[in-house]
Amino acid sequence: MAEKIAVVESFLSCHVCSETFRDPVSLSCNHSFCSSCLQKFWEQAKNKNCPICKRKSSKDILGINFTLKELADFFAGRQKNEIMETEKVEKKVEVVCSKHSEEPRLFCKEEDRAVCTVCEFSLHQNHKVVPIEQAVSDLKDQLKSELKSLQDKRDKYKQVDKMYNDVIQHTTKQLLSTERQIRAEFNKLHQFLKEEEESRLAALREEEEHKGKTISREMKRIQEHISSLSDSISAVEEELHKHKVAFLSTYKDTQTRARAHSSLSDPQLLSGALIDVAKHLGNLSFRVWEKMKDKVHFSPVILDPSTANSWLYLSDDLTSVRHGDTEQQLPDNPERITLYPEVLGSEGFSSGKHSWEVEVGDHPRWNVGLVKESANKNEESTSPENGFWCLEHGDGEYMNGADQTVIVKKSLQRIRVQLDYDRGEVSFYHPEDMTHIYTHRDTFTEKLFPYFHIGPSGDAKTADIKICHSEISL
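An account of the accompanying structure is given in this report. Everything numeric here is computed off the predicted structure, so don't read it as measured data.

Definitions and limits used
Residues numbered from 1 in each chain as written. Predicted model: local features only at pLDDT ≥ 70, side-chain atom pairs only at ≥ 80, totals over all residues. Heavy atoms only, no water. Helix = DSSP H or I, 4+ residues; strand = E, 2+ residues; numbered from the N terminus. Buried < 20%, exposed > 50% of the residue type's maximum accessible area, 1.4 Å probe, protein only. Contact = heavy atoms within 4.5 Å. Areas by Shrake-Rupley, 256 points an atom, 1.4 Å probe, with all protein chains shown as cover. Salt bridge = Lys/Arg side-chain N within 4 Å of Asp/Glu carboxyl O. Axes fitted to C-alpha atoms, helices over the stretch in contact; angles between N-to-C directions. Parallel < 35°, antiparallel > 145°, perpendicular 65-115°, else oblique. Left-handed = near helix turned anticlockwise from the far one by under 90°. Nonpolar A, V, L, I, M, F, W, Y, C, P; charged D, E, K, R; others polar. Pairing = 2+ DSSP bridges. Phe/Tyr/Trp six-rings, centres within 6.5 Å; stacked < 30°, edge-to-face > 60°. Polar contact = N/O pair within 3.5 Å; in protein donor to acceptor, adjacent residues only side chain to side chain.

Quick notes on the overall build of the protein
Here's step 1: Within the protein, the secondary structure is distributed over nine helices and 19 strands.
Here's step 2: Counting only residues that meet the buried cut, the protein has 41% of its 474 residues in that class.
Here's step 3: Partitioning the intrachain contacts of the protein with sequence separation of at least 6 by distance along the chain shows that 63% fall at a separation of at least 24.
Here's step 4: If you sum the accessible surface of the protein, you get close to 27100 Å²; carbon and sulfur atoms cover 48% of it.

Quick word on the pattern of salt bridges
Here's step 1: Going through the model one piece at a time under the given rule, you end up with 23 salt bridges.
Here's step 2: Ionic pairing is found between D73 and K69, a salt bridge with its closest N-O pair at 3.2 Å. You can see D73 and its partner K69 sitting in helix α3 (residues 66-91), four residues apart, about one turn around the helix.
Here's step 3: Shared partners join several salt bridges into a network, and the residues in it are E357, E359, R414 and R416.

Quick look at the packing of helix α5 (residues 132-187) against helix α7 (residues 244-262)
Here's step 1: Contact geometry for α5 and α7: axes closest at 10 Å, N-to-C directions at 25°. Comparing the axis directions of α5 and α7 gives the class roughly parallel. Handedness of the α5/α7 crossing: left-handed. From α5, I132, E133, V136, L139, K140, Q142, L143, E146, S149, L150 and K153 reach across to α7, where they touch K244, V245, F247, L248, Y251, Q255, A258, R259, H261 and S262.
Here's step 2: Class assignment of the residues belonging to the contact of α5 with α7 gives a composition of ten nonpolar, five polar and six charged.

Topic: the sheet that holds strand β8 (residues 320-323)
Strand pairs in the sheet, formed through backbone hydrogen bonds, run parallel or antiparallel to each other.
Here's step 1: If you walk across this open sheet you meet the seven strands as β7-β8-β18-β10-β14-β15-β16, and the pairing is antiparallel. The strands lining the two open edges of the sheet, one partner per strand, are β7 (312-314) and β16 (435-441). Each adjacent strand pair in this sheet contributes to an overall mean axis angle of 20°, direction not counted.
Here's step 2: Bridge count for strand β15 (residues 425-430) against β16 is six bridges, and the pairing is antiparallel. Each bridged residue has a counterpart across the sheet, and for S427 the counterpart in β16 is T439.

Digging into the packing of helix α6 (residues 194-240) against α7
Here's step 1: Relative to each other, α6 and α7 sit at 155°, their axes nearing to 10 Å. Here α6 is positioned roughly antiparallel relative to α7, judged by the angle of their axes. In the packing of α6 onto α7, the handedness of the crossing is left-handed. Residue-level inspection shows S228, L229, S232, A235, V236 and E239 of α6 in contact with α7, the latter providing F247, T250, Y251, T254, A258 and H261.
Here's step 2: Grouping the constituent residues of the contact of α6 with α7 by class yields six nonpolar, five polar and one charged.

Regarding the packing of aromatic side chains
Here's step 1: Counted by the stated rule, this structure contains seven aromatic pairs.
Here's step 2: Aromatic pair F247 and Y251: ring centres 5.3 Å apart, planes at 25°, arrangement stacked. Here the residue F247 and the residue Y251 both occupy positions in helix α7, the gap between them amounting to four residues, near one helical turn. A single burial state applies to F247 and to Y251, both of which are buried.
Here's step 3: Aromatic side chains W366 and Y398 sit 6.1 Å apart centroid to centroid with 55° between the ring planes, which places their arrangement in the tilted category. Here W366 is found in strand β11 (residues 366-372), whereas its partner Y398 is found in strand β13 (residues 397-399), with 32 residues between them in sequence.
Here's step 4: Among the aromatic residues, those joined into a ring-pair cluster are W389, Y421 and F444.

Digging into the side chain of H363
Here's step 1: Along the chain, the position of H363 falls in the loop between β10 (353-359) and β11.
Here's step 2: Here H363 falls in the buried class, since its relative accessible area comes to 1%.
Here's step 3: Separated by 3.2 Å, the side chain of H363 and the backbone oxygen of R365 make a polar contact.
Here's step 4: Not counting residues within four places of it along the chain, the set of residues in contact with H363 comprises H393, I454, G455, P456, S457, A460, T462, A463 and I465.

Regarding the pairing of β11
Here's step 1: With six of seven residues buried, β11 lies mostly within the body of the structure.
Here's step 2: Across six bridges, β11 lies against strand β12 (residues 388-394) in antiparallel orientation. Looking at the pairing, W366 lines up with H393 of β12.
Here's step 3: The sheet contact formed by β11 and strand β17 (residues 448-454) spans seven bridges and is antiparallel. Paired with L370 across the two strands is P450, which belongs to β17.

What about unusual backbone geometry?
A negative phi angle is the norm for most residues apart from glycine, just as the trans form is the norm for most peptide bonds.
Here's step 1: Positive phi outside glycine occurs at N30, with the angle close to 80°.
Here's step 2: Note on placement: N30 falls in the loop between β1 (24-26) and β2 (32-34).
Here's step 3: Residue classification places N30 among the exposed positions, given a relative accessible area of 65%.

Points about the side chain of K377
Here's step 1: Note on placement: K377 falls in the loop between β11 and β12.
Here's step 2: Among the polar contacts listed, one links the side chain of K377 to the backbone oxygen of E373, at a separation of 2.9 Å.
Here's step 3: One polar contact links the side chain of K377 to the main-chain carbonyl oxygen of A375, over a distance of 2.9 Å.
Here's step 4: Excluding its chain neighbours within four sequence positions, the residues that come into contact with K377 are I337, Y340, E342, L344, V371, K372 and F388.

Observations concerning the environment of S227
Here's step 1: Locating S227 in the fold gives a position in helix α6.
Here's step 2: In this structure, the C-alpha to C-alpha distance between S227 and R154, residues 73 residues apart in sequence, is 8.7 Å.

What follows is the structure, given as structure tokens:
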């Protein structure tokens, strides 16, 4: 027991003052210190590097790691009591039968309690009685199973808690990147549009603040469950260390509490936790143009970065995409396509006619079209039966998504995608002379989203697949 306490004490000790943490803070390198110790160290060192690995901290102000603080405070307050309790257990105080002054050696399963041999002979002859060692062993096995369930549940909550931390870091990057792009757009406009620029930035910050609060509330709930599960685990572990008779007198309540906590539903990441970048950046100039009453470029499709596979790189204006050479570190949010290099448009269509042109150049491998909202985006087959209506190019051939080759007169450099939702048609044209390439006919019953699958460009001149701008004027 003393060795275990020493290990825990080492884990909960500050590497600067060597004492149990007080108001601990954690750096991005995952090393933790007392808040006051770290600030004093930084003042003396005249930098903001980690005292252990020397990595520079990315933040000037650090929040208290409340989970670690609770553990440290709890450990510091209970260490002495736990040692005393251990000594009491090791003394093995004998418990005797209240009626016959004899140590119980049997366990009555009918009444769920320990009995002595005299009781068994006089009161429990018709009951199922087993040796107390066997009863303790069986019941401890049951409780160990409950302990494993609690530990697994806590691990799941910790995993989702880590995912939320990844989401927070990514939304911070999104905030900075989106703010930079918004400013770049507005700098192209006249000075009298400054109020419009500030309005857009305020909306962005308001959404980031709102989603940050939502995530914080959810993380607080997750951390409360982790704390509750940890308390239950500690209670079960303490119960398992009790002497056999003492254990039998209290294990039932501990088991009941453990099972109640084990019944918690598994944690899930909230959908829509990321900033809706497309809402802020999509067709930004076009929306400003409506106030300026002048001509601007308008993109009929805006790519949604929350859905983009980690191998795909989107342009700042979200109208072009390329397959990168390295995989990006992106949050595993529910909307993201993880298996294939695909990305969706930010806006879906559930009625009317819509069209856009895609510049593919000499890119060797791509697939463009539409996909229904409920389709499995990680499905290997992009056929109409699976909710995909596309034109595919690969190995020098054009396919319609239903394993049928499409014949074209010359290599396509640009493609026009046209949706007539009400008639159930997705058509593809050569935009130079509107030569018809192929038409999918189906019955649409849900929202359709623009779909793009982009393979590596290899030695081709065209690396980016681009959505072409449209010239529109009032």
